[in-house]
Amino acid sequence: MNNNIKAGLIGHPVGHSKSPLIHNYWIKKYGLKGNYQAIDTLPDALEDTISRLKDEGFAGFNITVPHKQSVMRLCDKLDETATRIKAVNTVRIDENGHLTGMNTDAFGFIQNIKQHAPGFDFTSGPAIVLGAGGAARAIVFALLKEGAPQILLTNRTFEKAQALAQETLTYERIEPVPWQEKESALKEVSLLVNTTPAGMAGMPPLDIELENLPPSALVHDIVYAPMMTELLEKGERLGNPVVTGIGMLLHQARPAFAEWFGVMPDVTPELEEKVLS
Ligand code: ATR
């Protein structure tokens, strides 16, 4: 058996990705032999890149923008979560070269909140989710799984929120809310999650006022650069608990690492610091 385990990240662009740092940190920390590399791949080259990784005996790979949907047709099998979310971010290649597509984003979202807001009860009230793209799909799935009684789904393009709400089998628990009405929808929620890129360095901040939010509601942003987004600062100024997005990135990497390297790794303050520096 080859004990030098290879894994990587397929996407475009991938130059600024933190995933190589995270996985190579764990490889070293757990005394394993292997490496994780970023593999910049344009859409036309996806199939060839995957064949090459199979030939080279890779244990698997992460997959990111713009391939999270298109990789699905190249997988031999999808796990239940990837099937429900309709996107793959992790692939395992078995000894026969068969590909299993998985999605660990929902796990990353939940574990980050469990780590940084340990008392938070997902069943305690409705959640409002901002955005209706790929990240929102994973987060809505996660919230349903954790028993959120209702999800208010608001998006700049209302039709996308409606489509995502209707697509799920639990339509009655998801209510699409027009973007202009999001502030009034805050009154009863116990959790607010931004899944849009608004607030990321180089992007305009998220256009939202939080005055209607109950003081105990948790505010979470999946944007992690900067770590304290304007949204989180607004929440903190009002005295609301806040959870930053960096932990979601770290936690979603754990089950992928476990699939390839056989060890479920920990998220430590040292790793958080390394990723942020
Ligand atoms: P991801 O996979 O990261 O979720 P995506 O699928 O492109 O990315 O989705 C991005 C989401 O953020 C969309 O819901 C988008 O809204 P539209 O459907 O109206 O395009 C939302 N979004 C992007 N930029 C935004 C901004 N500046 N303000 C509010 N919403 C924004």
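Structure first, text after, so check above.
Note that this is a predicted model, so its numbers are computed, not measured.

Procedures and definitions
- Residues numbered from 1 in each chain as written.
- Predicted model: local features only at pLDDT ≥ 70, side-chain atom pairs only at ≥ 80, totals over all residues.
- Heavy atoms only, no water.
- Pairing = 2+ DSSP bridges.
- Helix = DSSP H or I, 4+ residues; strand = E, 2+ residues; numbered from the N terminus.
- Contact = heavy atoms within 4.5 Å.
- Axes fitted to C-alpha atoms, helices over the stretch in contact; angles between N-to-C directions.
- Buried < 20%, exposed > 50% of the residue type's maximum accessible area, 1.4 Å probe, protein only.
- Near = heavy atom within 4 Å.
- Polar contact = N/O pair within 3.5 Å; in protein donor to acceptor, adjacent residues only side chain to side chain.
- Nonpolar A, V, L, I, M, F, W, Y, C, P; charged D, E, K, R; others polar.
- Left-handed = near helix turned anticlockwise from the far one by under 90°.
- Right-handed = clockwise from strand over helix to strand, strands pointing away.
- Phe/Tyr/Trp six-rings, centres within 6.5 Å; stacked < 30°, edge-to-face > 60°.
- Lys NZ or Arg CZ within 6 Å of the ring centre and 35° of its normal.

This part is about the sheet that holds strand S7 (residues 127-130). One open sheet holds the six strands; their spatial order is S9-S8-S7-S10-S11-S12, and the pairing between them is parallel. Looking at which strands have only one partner, the edges of the open sheet turn out to be strand S9 (174-178) and strand S12 (242-243). Taken strand by strand, helix H5 (residues 134-145) contacts S7, strand S8 (151-155), S9 and strand S10 (191-194), and its axis lies near 170° from that of S7. Contacts between helix H6 (residues 158-167) and the sheet are confined to S8 and S9, with S9 contributing the most and set at about 175° to the helix.

Cis rather than trans, the peptide bond between His12 and Pro13 has omega equal to -5°. Structurally, the position occupied by Pro13 is in the loop between strand S1 (5-11) and helix H1 (19-29). In this structure, the amide linkage connecting Ala225 to the following residue, Pro226, adopts the cis form with an omega of 5°. Inspection of the secondary structure assignment puts Pro226 in the loop between strand S11 (218-221) and helix H7 (230-237). With a phi angle near 65°, Lys86 is a residue other than glycine that sits in the positive phi range. Classification of Lys86 by relative accessible area gives partly exposed; the value is 39%.

Within the structure, the ligand sits among 13 residues, and Ala132, Ala135, Asn155, Thr157 and Lys160 are positioned closest to it. The side chain of Asn155 places a nitrogen or oxygen atom 2.7 Å from an oxygen atom of the ligand. Here the residues of the shell around the ligand sort into five nonpolar, six polar and two charged.

Attention now goes to the packing of H1 against helix H9 (residues 269-276). Direction vectors running N to C along H1 and H9 enclose 145°, while the axes themselves pass 10 Å from each other. Crossing handedness for the pair H1 and H9: right-handed. Residues Leu21, Ile22, Tyr25 and Trp26 of H1 lie in contact with H9, whose contacting residues are Glu270, Leu271, Lys274 and Val275. In terms of residue class, the contact of H1 with H9 is built from six nonpolar, no polar and two charged.

So, on to the pairing of S8. Of all five residues in S8, five are buried; the element is thus mostly enclosed. Judged by which residues are buried, S8 turns out to be covered on both faces: Ile151, Leu153 and Asn155 on one side and Leu152 and Thr154 on the other are all buried. Taken together, S7, H5 and S8 form a β-α-β motif whose crossover is right-handed. Bridge analysis of S8 against S9 gives five bridges, and the strand direction is parallel. Within S9, the residue paired with Leu152 across the bridge is Glu175.

What the rule picks out here adds up to six aromatic pairs. Taking the centre distance of 5.4 Å and the plane angle of 65° together, the rings of Trp26 and Phe257 count as edge-to-face. Taken as a pair, Trp26 in helix H1 and Phe257 in helix H8 (residues 246-261) lie far apart in primary sequence, 231 residues in all. Per residue, the accessibility class of Trp26 equals that of Phe257, and both read buried. Considering the side-chain rings of Tyr30 and Phe257, the 6.5 Å spacing of their centres and the 45° angle between planes classify their relative orientation as tilted. Here Tyr30, found in the loop between H1 and strand S2 (34-40), pairs with Phe257, found in helix H8; they are 227 residues apart in sequence, far enough to count as distant. Judged by relative accessible area, which is 26%, Tyr30 ranks as partly exposed. The structure contains a cluster of three or more aromatic residues connected by ring pairs, namely Trp26, Tyr30, Tyr36, Phe257, Trp260 and Phe261. A cation over a ring is seen here: Lys182 above Trp179, with NZ or CZ 4.3 Å from the ring centre.

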